[in-house]
Structures are given as structure tokens and as C-alpha cells.
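Survey of secondary and tertiary structure
Here are the chains, one letter per residue:
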Amino acid sequence: MDSSAAARKEMPLEREDLMASAARPAATSAAAVKNTNEYHSGPETASTQAMVKRELSSNRDPKLDSSLRFLVGDEASKERATSNVNSISKRQSKDKAGYHVLDPSSPDEGPIPAQSAAMSAASTLSNNDEELGGIRLRRRLRRHTFTDEEMKNIPRLVHRNLPFKQSRQEIAVENKTNFRSFKVQRILSQDWYHVLLRQPAWFSVCCLLLLWTFFIVLFALVYQKIDRDNPTLECGLGPINQPIEFKPAFAFSLETCTTVGYGLPNGVNSFFESECGGLQITIFLQMTLSMLFNAFLFAFLFARLSRTDARGAQVLFSDKAIIEVRDGRWMLHVRIYDFDSSMSVVEAHVRMYCVSWRDYERQERDLVQPHLLQPMRILRPNDELGAQLFTSIPTNITHEIDAYSPLAPLKLRRKVNYMGTAGLCIREADQSSGSRNGVLCPVCGETYGTLDSLKRHVQYQQLSEEQDNFPVSGSHRDTSIMKPYLFEPFNLTEDDIREYLRDKEVMVVVEGIEPMVSGTFQALQSYKLNDIVFGGRFAPCMSQANGRIFVDVDKFHIILPPNEGSVHLYSRYNGGVTYRKKKTSSYLPAFFQNAKQMEGEGNDK
């Protein structure tokens, strides 16, 4: 397939899009003209311009040639596109029934129906496919990607900032906002308790002590005010006509707050008299507030001391993750173990996510909903059963890098004859075990679990149709429908995975309940490309002797070489040479084994 045909395939021009564009108000067309002018007048990178000009010099397709000239700023092409958009804008008008387009040949006949108007506009725009195609090509060529240096500088979402290559169970995400703004402060005030609880211990304790001292000083001033307003009334605060000073008032306030009961500053109990009602009410309010504050302080300190977020530090993750080939399938392994093995974590389970910045940028460019985290299906322990863990025993967590895995290159995933995911997170193992069908026969519409099942189905149907003299057209023998690539398996190499993992970060989350205080906690760890080893196996770290079972934590991170039968699959043990599986046609049905047919179908593809 030549470059011009490939470019045309990448730039489909749907008539529905043209009809929908024609039915929009004139403001849309005006905005299109504005965007076109801004593109040609704005700064353009030298690499993009050079790429377009090279394509322009080597291209022989007049339609694509016009599109490329529009992209690099050819004035004639630009003027034609602007004129066409302006002419469409002038023919658009609006009435009560909706948007209509006036017939250009009969301007006095009035508006025509919207559907006919859209068809007329689509017909008018058919001569301008190259301009619109150029806009789409411009979008593609202006797409940026990460450079090698930017790949290296992508920050980690989970930092390894604890000994033994572990993390502090913190996500390295900061809020880029003005915390002094009224809206942010109002949001934080709705959950002030947890905001204070998440602060460092020294800060939260100091804040509470300052608040407690403030209440004591406040009531000391209130006692002073009561005594000064009634200088001739002896209620025990101060002598007659000698109002109490601040220091004795502060001491009395502290005494009342702590319920010590040393007595009144003046040495009498006159505040029991009915004339001292104001003082009695004030003492009642301070003691009530003091009891509530003491209860809050006790609860806060208990919550602070019983926080289980630090419990995740005892859940150990292997320093390196391992990617290996097992039975022709690529697997990612991570080892997990709870150091406090005597008190097993309750309801422990594991999740895995792929942090992909290139995919996030691509989604942003394609104007789709961006998702930085892509969930990863777990093969062992089976995530369909909740991915339950028994953390008191070192356990390997396994993810299969199949055609649905976010760790597999997207270009390779699209080549496999699998049905779409419809937005679901699925895995190929369910197809292999017969739990789900994901391979579609393009002739009869039957679905199968594996490509081998599809191959057997096609071979059987071809024999049956040939025996029954069934017409070739539209059958399983129709080579215009049954293509060899429909049976091609999903093949990965170490180089494919390495290249695709350059911007990726695999995040592992273990969640469970601490049995002592029944608090839920999470343990976090992440792996980037330099934290992944291709080929190998974790060293056994469990042993038993004299009726006791041991876990040798010193061997927890050790990785042993793979067996001799698979050592040639990995560049690490193969002198830096990547193993590539020899291509054969064994995966094809017998119908395609003929060399001439294979050659013909290869040209069709």
C-alpha cells in the first residue's frame, strides 16, 4: 500500500459529518475561518513543516497534494477553503422550524427543508474534500509526543522513600490551586476534622493546645468583666470595690477548666448566693465547654494514635518486578509479604493500575475523556474472585500481558482479530478458559474463545461447503472475506514491551483491615521500566526446620536466572540480543496453505 493510499485511509471524510456541519449555525463556520487563519498565522514548528514538505515533494496524489499545500500555507488553497466556508455561512439562516439553507439558484424561493439543505451543503463541500482532509492531516501532524529526555523525567506517582525499597503509602499528587480562595476554604471547612487529622502530629497537638489556652484566656476576661461590672457585689472573685486582676482571673479560669477545686480567689464561697447568677452561669458554660473539649481531645488523640495508614509499611513488595514468557504468554510478577505475619491482615486484596502519560496525552489530543490510570486485570490471585490475599505467606501477583493489557502496544492490539471491549476491562484468559467468546467469524457471525477455535470452525465449514457445492461468494471460502490476518495470533517481543513501558508506571495497591484496631489501610508500590527485570524467577524464601516455619526476608528480593529452556528468550541473558519468534503459517487454516493463494491474499491485505 503506497503512502498516498495510506494517508487517504487515515483521513476518512464522512458525509454525515459534512451534513451535520452544514446544519449548524453560521457562528460555527465563522469560528472555523478564525481557527484556519490562526493556524496559518500562528507559530509552527520546523519539524512539522519539514515533514509536510517532504511528503509534498514525494506525493503524487492530486487530492492529497492539495491538502498538503493547504497545510503548509499555500495561499491559493487557503483562499479557496476560506471562500467556501464563507459561502456556506452566507447561505445559512434560521427560522422557527430550525436551521435552513437558502437555495443558491433561487434565492427568492425561501428556505428549503433542513435535510435537503444538509444534502445540498454536502454536495457543495464534495469539491473541497482536500481542504478538509488537509485540516485533519494538520491535526495528525501537530500531535506531539514525548522526547527521550522527557520520558526519563516523568515523575513517579509512588515514591520509594522508605528503607528496604518500600514507599510511605503516599500518592505524589499536589493540588494546583489557590488555597486562600474562598471556595477552596469553604470546601475544606466542610471536612475540617479530617483535614486536621491528616496534619503532622506536632502541628495538630500545638493547634489544640493553643485553642484550649484561648478558651481559658477568654473566660478569664469574662470573669474580669463580671467582677468589674459589679464592684460592690461580693461573689468571691475579688474584695469589694477591688475588681479581680487578670492573673487571678486566669488562675480561676484554669482551675474551673481543669476542675481542680482549689477555691475562689477571695477565699469565700459567696458565688452560691442568688445575687451571683451571672458568675454561676459563666462557670457552668466553661465547665460544659471544657468537658466537650476534653472528650474531643481524647477522641482526636485516639484517632491519631490508632491511624492505620502507617500499617502499610510492614507490607513488603519486591524491589523488582519480573516479566517472563510462560507457555508463549508474557507475564508480569510482583512478590508481596506482610512482615507482621503472626497477625494476618483481614480481607486483604490487591489491585494493579497502569499509569500511562503517552496514552493520557493521546486522549487529550483526540478530544476524548482522559484517563491516566488504566486498570490491569490480575490472573493470580484471580480478580474475578476478589483477588484475595493471605499476606502472611510470600505471594506472587501475576498479570498477563495479553491483547487487552494496557502494557501491550496499542498498534499490536489492533491487529488481532478480537472483538472490541466496549469500554470494559477484560482479559484474554477468560477466552482461553471458555468463560467468554471474543473471536468473531466474519462470515456467519459465530463467536469463539480462541483463534484456534475459529480456525477449526472455518476449516470444517469450508469442507462442508465444498462437499455441498455451496457458492463460493459469501462463504467461508470467499477470499475477499476470509483474510489470513484474521487468524494471526497476538505476538509480543521484549523490544515491543520495553518501548511501550518507557513512560509507564505499574502501581500495585494492597488493601486490608488491621485486626488490632479494625482500621482499613493501603500499601502502595510502583514499578517503572528500570524496576522491571525481563526473565527470571523469585528465589524461594520459605523454609521449615525443627517443627517451625521461617521466611528469610534477606532472600525476599533475590531474583534467580530462568531455566535453560527459556534463557534464550531474554536479552539480559542472551548478550543483549532480543529473541524473535520465527514467522510460520501454521496458525492458518489448510485453505490458505497454498503458496499462490497466500501470496495473493498478502497483496490484498
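Residues numbered from 1 in each chain as written. Predicted model: local features only at pLDDT ≥ 70, side-chain atom pairs only at ≥ 80, totals over all residues. Heavy atoms only, no water.

Things to note about the overall build of the protein chain
Assigned secondary structure in the protein chain consists of 20 helices and 17 strands. Across the 605 residues that make up the protein chain, the buried fraction comes to 37%. A sequence separation of at least 24 residues applies to 65% of the contacts in the protein chain between residues at least 6 apart. Here the protein chain has roughly 35400 Å² of accessible surface; of this, 56% comes from carbon and sulfur atoms. (Helix = DSSP H or I, 4+ residues; strand = E, 2+ residues; numbered from the N terminus. Buried < 20%, exposed > 50% of the residue type's maximum accessible area, 1.4 Å probe, protein only. Contact = heavy atoms within 4.5 Å. Areas by Shrake-Rupley, 256 points an atom, 1.4 Å probe, with all protein chains shown as cover.)

Points about the packing of aromatic side chains
According to the stated counting rule, one finds 15 aromatic pairs in the structure shown. Note on Phe246 and Phe250: the rings are 6.1 Å apart at their centroids and 35 degrees apart in plane angle, and the pair reads as tilted. Taken as a pair, Phe246 and Phe250 lie in helix H13 (residues 246-258) at a separation of four residues, close to a single helical turn. Looking at Phe246, the relative accessible area reads 33%, which means it is partly exposed. In this structure Phe250 comes out as partly exposed when scored by relative accessible area, which is 28%. (Phe/Tyr/Trp six-rings, centres within 6.5 Å; stacked < 30°, edge-to-face > 60°.)

As for the environment of Phe284
With respect to the helices and strands, Phe284 occurs in helix H14 (residues 277-305). By relative accessible area, Phe284 is classed as exposed at 54%. Each C-alpha atom of the pair Phe284 and Thr256 lies 9.3 Å from the other, and the pair is 28 residues apart in sequence.

As for the pairing of strand S15 (residues 542-545)
Pairing of S15 with strand S16 (residues 548-551) involves four bridges; the strand directions are antiparallel. For Gln544, the partnering residue across the bridge sits in S16 and is Ile549. Hairpin connection from S15 to S16: two residues lie between these consecutive antiparallel strands, with Asn546 at a positive phi of about 55 degrees. (Pairing = 2+ DSSP bridges.)

What to know about the pattern of salt bridges
Evaluation of the coordinates by the stated rule reveals 24 salt bridges. Through salt bridges with shared partners, a single ionic network connects Arg358, Glu499, Arg502, Asp503 and Lys504. (Salt bridge = Lys/Arg side-chain N within 4 Å of Asp/Glu carboxyl O.)

Digging into the sheet that holds strand S7 (residues 373-376)
Here four strands make up an open sheet; going across it, the order is S7-S6-S11-S12 and the pairing antiparallel. Each having just a single partner strand, S7 and strand S12 (519-527) make up the two edges of the open sheet. Taken pair by pair, the neighbouring strands of this sheet meet at an average axis angle of 30 degrees, ignoring direction. Here strand S6 (residues 346-356) runs beside strand S11 (residues 504-514); their pairing, made up of nine bridges, is antiparallel. Considered in S11, the bridge of His349 is made with Glu511. Helix H15 (residues 357-365) contacts S6, S7 and S11 of the sheet and is inclined by roughly 60 degrees relative to S6. (Axes fitted to C-alpha atoms, helices over the stretch in contact; angles between N-to-C directions.)

Thoughts on empty space enclosed by the protein
Using the criterion set out here, one finds four cavities of 30 Å³ or more in the structure. Each pocket or cavity is described by its volume, and for the largest cavity that value is around 80 Å³. Residues belonging to the lining of the largest cavity are distributed by class as follows: eight nonpolar, two polar and four charged. (1 Å grid on protein atoms, 1.4 Å probe; cavity = no way out; pocket = protein on both sides within 12 Å on 5 of 7 lines; lining within 4 Å. Points joined across faces, edges and corners; volume = space filled by probe spheres on them. Nonpolar A, V, L, I, M, F, W, Y, C, P; charged D, E, K, R; others polar.)

Thoughts on the packing of H13 against H14
H14 packs onto H13 with a crossing angle of 55 degrees between their chain directions and a minimal axis gap of 8 Å. When the interaxial angle is binned, H13 and H14 end up oblique. Handedness of the H13/H14 crossing: right-handed. Between H13, through Phe252, Ser253, Thr256 and Cys257, and H14, the contact on the second element is made entirely by Ile283, Gln286, Met287 and Ser290. (Parallel < 35°, antiparallel > 145°, perpendicular 65-115°, else oblique. Left-handed = near helix turned anticlockwise from the far one by under 90°.)

Focus on the nonpolar core
Among the nonpolar cores identified, the biggest contains 52 residues, and Phe317, Ile323, Trp330, Ile336 and Val350 are the most heavily contacted of them. Every element with two or more residues in this core is listed here: strand S3 (315-317), strand S4 (321-326), strand S5 (329-338), S6, helix H18 (451-467), S11, S12 and strand S13 (532-534). Beyond its immediate chain neighbours, meaning those up to four positions away, Phe317 contacts Gln166, Val334, Arg335, Ile336, Val508, Val510, Ala523, Leu524, Gln525, Tyr527, Phe556 and His557. Phe219, Ile244, Phe252 and Ile283 belong to the second-largest nonpolar core, a separate cluster that totals 11 residues. (Core = buried A, V, L, I, M, F, W, Y, C linked by side-chain atoms within 4.5 Å.)

Observations regarding the side chain of Lys455
Inspection of the secondary structure assignment puts Lys455 in helix H18. No salt bridge is formed by the buried Lys455. Its closest oppositely charged neighbour is Asp452, at 4.9 Å. Apart from residues lying up to four places away in sequence, Lys455 is in contact with Phe487, Ser586, Tyr587, Leu588 and Pro589. (Lys, Arg positive; Asp, Glu negative; His and termini not counted.)

A word on a nonpolar patch on the surface
There is a patch of nonpolar side chains on the surface, built from Phe390, Ile393, Met542 and Ile549 and spanning about 400 Å² of accessible area. Note that Ile549 resides in strand S16. (Patch = residues over 30% accessible without salt bridge, like charges linked within 9 Å, V, L, I, M, F, W, Y side chains within 5 Å.)

Notes on H18
Helix length check: H18 (17 residues) gives 24 Å between terminal C-alpha atoms against 24 Å at 1.5 Å per residue, within 8%. Residues of H18 that are buried make contact with strand S9 (439-440) and strand S10 (447-448). (Expected span 1.5 Å × (residues − 1).)

Quick word on the environment of Val205
Mapping Val205 onto the fold places it in helix H12 (residues 201-229). Spatially, the C-alpha atom of Val205 lies 8.5 Å from that of Leu301, the residues being 96 residues apart in sequence.

Section: the side chain of Asp478
Relative to the helices and strands, Asp478 is located in the loop between H18 and helix H19 (494-500). Lys483 provides the closest opposite charge to the buried, unpaired Asp478, separated from it by 7.9 Å. The residues touching Asp478, leaving out its near neighbours within four places in the chain, are Val472 and Ser473.

Digging into the confidence of the model for the protein chain
In this model, the protein chain carries an average pLDDT of 75, and 70% of its residues clear a pLDDT of 70 or more. Averaged pLDDT values over the elements of the protein chain bottom out at 36 in strand S2 (residues 98-101) and peak at 95 in strand S8 (residues 395-400). Scored below 50 in pLDDT, residues 1-45 shows 61 contacts in the model against residues more than four places distant or in partner chains. Segment residues 137-143 is flagged for pLDDT under 50; beyond a separation of four residues in sequence, or across chains, it makes 16 contacts in the model. (pLDDT = per-residue confidence, 0-100.)

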